[in-house]
Structure formats: structure tokens, C-alpha cells
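# Fold and contact review
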Amino acid sequence: MVVHVALTGATGFLGLRLLRRLLTTHASLTVLTHARSGDALHRITRFFKLSGAPDTLIAALPSRLRVVETELERPRLGLSGNDFQKLADGLDAIWHSAGSINLEDDLARLRRINVEGTRHVLELAAAGHRNPAVHHVSTAFVAGARREGVAYEDELDDTYGFENAYERSKYEAEVLVRAWSRAHDRPVLVLRPSILVTDLPPHPDLPSHPLQVIERILQDSLRTAGLAGPGIPGSSRPEIRLVGHPHGHLNLMPVEDAAEVMVRLAGRPPSGGVDTYNVVHGHDVPVPTIVALLERLVYLNLDVVARKPDDASALESLLDFYPGFTAYLSHRRRFDDTRVRTLFGPSTTGFRVDLDYLWSGLGPRPATAG
Ligand SMILES: NC(=O)c1ccc[n+]([C@@H]2O[C@H](COP(=O)([O-])OP(=O)(O)OC[C@H]3O[C@@H](n4cnc5c(N)ncnc54)[C@H](OP(=O)(O)O)[C@@H]3O)[C@@H](O)[C@H]2O)c1
């Protein structure tokens, strides 16, 4: 039987990997792309080239992918009633990976994309006469501002509050998914990856990953504070004190492995309700490793301190404007992934995410051509 699958967010950092993995088992796919956001097929093709996909696969992309332009925040994803119904009726599964991961955005905008967007994708799933399966990409960070202990796969509550509006919007989207599943008596797969990373070198044509965004924030702050860079003779590295925990750790998951685990999970028979999985690495990365990485990338010295200094410099005050970035340096919680490990064995990723791995995906600067 031919199973027809649609994917939102296929041009994104994760969506591109999901797309590549799904193309190993599906002859054709529908990609629900972001309307008026650039030529999706061209961007997808660039990724396949830059990540070393075989020429035959790249040449076949235009015939294997059906592109439908959509707008998450609009009813019926911005489609006419007729087009929406036709799309829905042609689907057996919907992967929802589109969203905003912008930690600097305000809650209202994040809600429009992440919560209302999810509502519209669920309406597509409800409309389809083949009852398409729903695979919803959430985040392990729905666990919110709980900094210690263990975050389990079945938990979903807002007791601890959230580090930023992004976390809250993703939490609210999951609440919506659970309510929809109950109301429609339909199964949903909820996938909660941790922070996604790659060792594929950065390139202007590729979507950036969260650590690249942090690097940009630090570079911008240095420039705004008018601090000298390494090219200026006699300048010394600026010092920044950031609140964190010396034994803090974060879970960073290679995006290619995350996509592999997610697609394997989607291939399993659903329980009937909401099946939630933490898609995380078996070993966390210590905060000092992340600090060492940032010091390699940006011309500054980072000092992790226990509390906010009373005599904050202009640069330190500037960095306070980025909610949820510095908060993560205090995190010491662990994400439980017993359910994934029970299915697929002790470790889904055979290697540790270390400084060298992270440097490969951030440090070496690419040529812009090619
Ligand atoms: N990156 C991570 O570390 C991470 C970690 C945990 C969970 N997640 C979750 O994984 C999912 C994918 O994240 P990502 O890293 O791939 O993000 P990303 O690189 O920013 O990609 C976001 C995708 O969503 C699309 N999109 C954004 N706004 C849209 C709109 N209004 N209408 C239609 N499409 C829209 C984008 O299209 P354009 O590029 O054309 O705008 C892009 O394809 C998200 O749900 C995120 O919450 C990500």
C-alpha cells in the first residue's frame, strides 16, 4: 500500500533531515512550505548538495516532491476550502515540524505560529477522510524552568513556569495536541528533541542551529557595546560574567540521529492515544564545554558565576535582554528517554557530542560559493 506523507517545516534545520530520511522509504512526499519565504525546492536542493546526497537523488527531487505553499498562522493553512479538503483527503500521515524557534520573539507571535499553526495542522488531519496519522514535533524544553531532577516523557505541566515564551508556546501546542487526540479519539506521536546540533559546517544557504544563534547574539552584543575585536592591536579579550552552575549540563542531540529516531518511532504501531518520546542523547554536555566552545567562536572570556553581579558591565546588561539563553547555563536536569531506549537499545547515538564535534558544525567558516 502506498502511504502518502506530508511534512511541514521541510526547509528547516530539522525538517531537511526528516525529509532526507523520509525519502529513503517514500517514493514521493508533499512538502507544506512557508508561503512567500523563498524558493523551497531550491533551498531543499542546496541542502541535499551541501550534505553530500547522491546526484541521482538530487536530480529526482522535483519529481518526488510536491510543494504546497502554506501559512501556518492562517485558517486552513491559507488554502481555499477546496484545496484544503483535497490536500487532507490525499494524506495518510502528517509530520508537523514547522514552527518558530526564535527565543527572542514575543509570546503573541510565537503563539500564532507554534500554537495556532499546530491547531491548523490538526484541522487538516481531522478533515482527511483517510484519518492521517499525526507526528507532532515538540521539544524536550516543554519541561520549562525546572532546572534539576528528571523530566519524564509523559509529564506535561507548567508548575515550574518557563524560561522564555518559546518554551511556553511549545507547551501550549502540546496541550492542544492532547486535547485534540481525546476529542477526536485519534492517536498522535509527540516527539521531543533536545537542543539539535550538527557537525555539518555552517553555510549561508543552510538554516542555522541554536548554538549558531547564540554565537550571533554574542557577536552582536560585542559590536553594540563597541568592544574591540582581535584585529585591533593591543585589544584584550572582553570578560563577561554569566550566571550559571559549574556542574550544569545540557542535552545536545545530533539532528541527523534525531531524525532517524523520529522516523523509526513513527513506523511503530500507535497505542491509540498520545505517545510522547524524548529524543535525546545518552550523555549530556557539561556547561564548561559549551563555554569553551563559545570562547573559541567569539572574542571574549566567559566566566560562569553563581549570581548576577551588582556591577554589571554594559555588555553584561545587554546580554540580559536575551531570555532563556543564559538561563540554560544553570540547568542540571536530565531528560528521561526510557521509552526510546526500551525500543531501540541503550544508545541511539554511538558517539559523544564533544568540543570537536560542536566545533565542526560551527567553527570552520565556509566559502560562500559552491
Ligand atoms: N532546532 C532545535 O534545536 C530544536 C530543538 C527541539 C525542538 N525543535 C522543534 O523542531 C521543529 C523544527 O525546528 P527547526 O530547528 O527545523 O526550525 P527552523 O530551522 O527555524 O525551521 C522552521 C521551519 O518552519 C517553517 N515555518 C516557519 N514559520 C512558518 C509559517 N508561518 N508558515 C509555514 N511554515 C513556517 C520554516 O520555513 P521558512 O524557512 O521558509 O521560514 C522552516 O521550514 C520546531 O517545531 C521546533 O520547535 C527544534
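Preceding this section is the structure that the text describes.
A brief look at the structure comes next.

Definitions and cut-offs
Residues numbered from 1 in each chain as written. Predicted model: local features only at pLDDT ≥ 70, side-chain atom pairs only at ≥ 80, totals over all residues. Heavy atoms only, no water. Phe/Tyr/Trp six-rings, centres within 6.5 Å; stacked < 30°, edge-to-face > 60°. Lys NZ or Arg CZ within 6 Å of the ring centre and 35° of its normal. Near = heavy atom within 4 Å. Polar contact = N/O pair within 3.5 Å; in protein donor to acceptor, adjacent residues only side chain to side chain. Areas by Shrake-Rupley, 256 points an atom, 1.4 Å probe, with all protein chains shown as cover. Helix = DSSP H or I, 4+ residues; strand = E, 2+ residues; numbered from the N terminus. Nonpolar A, V, L, I, M, F, W, Y, C, P; charged D, E, K, R; others polar. Contact = heavy atoms within 4.5 Å. Buried < 20%, exposed > 50% of the residue type's maximum accessible area, 1.4 Å probe, protein only. 1 Å grid on protein atoms, 1.4 Å probe; cavity = no way out; pocket = protein on both sides within 12 Å on 5 of 7 lines; lining within 4 Å. Points joined across faces, edges and corners; volume = space filled by probe spheres on them. Pairing = 2+ DSSP bridges. Axes fitted to C-alpha atoms, helices over the stretch in contact; angles between N-to-C directions. Expected span 1.5 Å × (residues − 1).

The next thing to look at is the packing of aromatic side chains. Taken as a whole and judged by the stated rule, the model has five aromatic pairs. Centre to centre, the rings of F351 and Y357 are 5.4 Å apart; their planes meet at 40°, and the pair counts as tilted. Cluster of aromatic residues (ring-pair linked, three or more members): F141, Y328 and F335. For the cation-ring pair, R20 lies above F48, with the distance from its terminal atom to the ring centre recorded as 5.9 Å. Across from the ring centre of W359, 5.0 Å away, lies the NZ or CZ of R296, which sits over that ring.

This brings us to the site of the ligand. Neighbouring the ligand are 28 residues; T11, S37, R43, Y166 and K170 lie closest to it. F13 places a polar main-chain atom, nitrogen or oxygen, 2.8 Å from an oxygen atom of the ligand. Expressed as a share of its isolated accessible area of 900 Å², the protein-covered part of the ligand is 89%. Taken together, the elements giving at least two residues each to the shell around the ligand come down to α1 (13-22), α6 (165-184) and β8 (195-197). At three residues, α1 tops the list of elements feeding residues into the shell around the ligand. Class assignment for the residues of the shell around the ligand results in twelve nonpolar, twelve polar and four charged.

Take T198: it is sitting in the loop between β8 and α7 (210-224). At 3.0 Å, the side chain of T198 forms a polar contact with the backbone nitrogen of L200. Side chain to side chain, T198 and E256 meet in a polar contact 2.9 Å long. The contact partners of T198, leaving out residues within four places of it in the chain, are F13, R17, H209, V255, E256, Y357 and G361.

This paragraph deals with the environment of L122. If you trace the backbone, L122 turns up in helix α5 (residues 107-127). Overall, the relative accessible area of 3% leaves L122 in the buried class. Along the sequence, L122 and P132 sit ten residues apart, while their C-alpha atoms lie 9.9 Å from each other. Not counting the four nearest positions on each side in its chain, L122 is found in contact with V134, L176, V177 and W180.

This part takes up the layout of surface pockets. Its boundaries defined by the atoms lining it, the second largest pocket holds a volume of some 450 Å³. Residue lining of the second largest pocket: 25 residues in total, with H135, L265, A266, G267 and R268 positioned closest to the centre. Contributing elements (two or more residues each) for the lining of the second largest pocket: β4 (93-96), β5 (133-137), β7 (188-193), α8 (255-266), β12 (274-279) and α11 (338-344). Here the residues of the lining of the second largest pocket are counted per class, giving 17 nonpolar, four polar and four charged.

Strand order across the open sheet formed by seven strands is β3-β2-β1-β4-β5-β7-β12, with parallel pairing between neighbours. The open sheet is flanked by β3 (65-70) and β12, the only strands paired with a single partner. Across the sheet, the mean angle separating the axes of adjacent strands is 20° when strand polarity is ignored. In this structure, strand β2 (residues 29-34) lies alongside β3, joined through six bridges in parallel fashion. Looking at the pairing, H34 lines up with T70 of β3.

Right, let's talk about the side chain of S138 for a bit. Note on placement: S138 falls in the loop between β5 and β6 (150-151). Judged by its relative accessible area of 3%, S138 falls in the buried class. Those residues in contact with S138, other than ones at most four positions away along the chain, are K170, E174, V190, L191, R192 and P193.

It is worth spelling out α8 at this point. Spanning twelve residues, α8 covers 16 Å between terminal C-alpha atoms, matching the ideal 16 Å at 1.5 Å per step. Those residues of α8 that fall on the buried side of the exposure criterion are V255, A258, A259, V261, M262, V263 and L265.

Here we come to empty space enclosed by the protein. Take a probe with the size of a water molecule and roll it over the atoms, and the empty space left behind shows itself. Enumeration according to the criterion identifies two cavities of 30 Å³ or more in this entry. By volume, the largest cavity amounts to about 80 Å³. The wall of the largest cavity is formed by 14 residues, among which L200, P202, L206, P207 and Q212 lie closest to the centre. Residues that form the lining of the largest cavity fall into these classes: seven nonpolar, six polar and one charged. Considering only enclosed or pocket space, the second largest cavity measures out at about 30 Å³ in volume. Lining the second largest cavity, in full, are F141, H249, L250, N251, D284, H331, R333 and F335.

Read these as geometric descriptors, not functional statements.
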